[in-house]
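Below are the chains, spelled out letter by letter.
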Amino acid sequence: MEELGLTGWPPEPVRTERLVLRGSEARDRAAFVELLASSEVHTYLGGPRPRAALERELPGVPERWPGSFVVELDGAMIGQILLRRAPAHQRPAAAGKADLGYLFLPRAWGLGYASEACAAALDWLADTLPGEPVVLTTQTANTSSMPLAAKLGFAEVERFEAWGAEQWLGMRAPVAPSG
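The structure reproduced in this document is the subject of the present report. This one's a predicted model, so the numbers in the text were calculated from it and none came from an experiment.

**Examining the environment of G110**
Residue placement: G110 occurs in the loop between β5 (98–104) and α3 (113–128). G110 gets classed as exposed once you look at its relative accessible area, which sits at 82%. G110 sits 34 residues away from S144 along the chain, and the two C-alpha atoms are 8.6 Å apart.

And the structure:
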């Protein structure tokens, strides 16, 4: 995945009713290890990374790149929102468009945090890169991500086989800036 060409990263924190979206900080490292090593989180993402390798390899401030938001609840990281440019070698319908990804710790599942955080990130993107279409890919077996994609306004573009499973590619039409 490529960066979106965002400048001045990280931006001012994005606040919702319950959450803060911000750039990563050193205090998030343990939560990133937990997130990236979780077999539950990575059920539909090719499996977790080994915890020992993450402990050795993650920098002091992990995932600090333009488009990577930490999702914070009550001062603690509960997830990550990723906004990147889909590469040209990916599905033709997705190539070159902004790509939304998200990971949340299992203790944050089922409480509406993913919906709230993704909606805020999409609003931020619409203000930052007006007219940018956004794509999202998930496995059709991921019964939590499929309804979330629909709730966020993604419409199916295609289904395809990859990584031994049926994948769903959705696109969200460009949204006018909120400001």
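**Focus: α3**
A rise of 1.5 Å per residue sets the reference length of α3, with its 16 residues, at 22 Å; its end C-alpha atoms lie 22 Å apart and thus fit the reference within 8%. Listed as buried for α3 are Y113, S115, E116, A117, C118, A120, A121, L122, W124, L125 and A126.

**Side note on the pairing of strand β6 (residues 134–139)**
Burial of β6 is extensive: five of the six residues sit out of reach of the surface. Here β5 pairs with β6 via two bridges, running parallel. Counted as the bridge partner of A98 is V134 from β6. This β-α-β element, β5 to α3 to β6, shows right-handed connectivity. Across six bridges, β6 lies against strand β8 (residues 165–172) in antiparallel orientation. Within β8, the position partnered with V135 by the bridge is M171.

**As for the packing of aromatic side chains**
According to the stated counting rule, one finds three aromatic pairs in the structure shown. Here W9 and W124 contribute two aromatic rings whose centre-to-centre distance is 5.6 Å and whose plane-to-plane angle is 80°, an arrangement assigned as edge-to-face. With W9 in the segment before β1 (14–15) and W124 in helix α3, this pair connects stretches of sequence that are 115 residues apart. For W9, a relative accessible area of 17% puts it in the buried group. Residue classification places W124 among the buried residues on the basis of a relative accessible area of 13%.

What counts as what
Residues numbered from 1 in each chain as written. Predicted model: local features only at pLDDT ≥ 70, side-chain atom pairs only at ≥ 80, totals over all residues. Heavy atoms only, no water. Helix = DSSP H or I, 4+ residues; strand = E, 2+ residues; numbered from the N terminus. Buried < 20%, exposed > 50% of the residue type's maximum accessible area, 1.4 Å probe, protein only. Expected span 1.5 Å × (residues − 1). Pairing = 2+ DSSP bridges. Right-handed = clockwise from strand over helix to strand, strands pointing away. Phe/Tyr/Trp six-rings, centres within 6.5 Å; stacked < 30°, edge-to-face > 60°.

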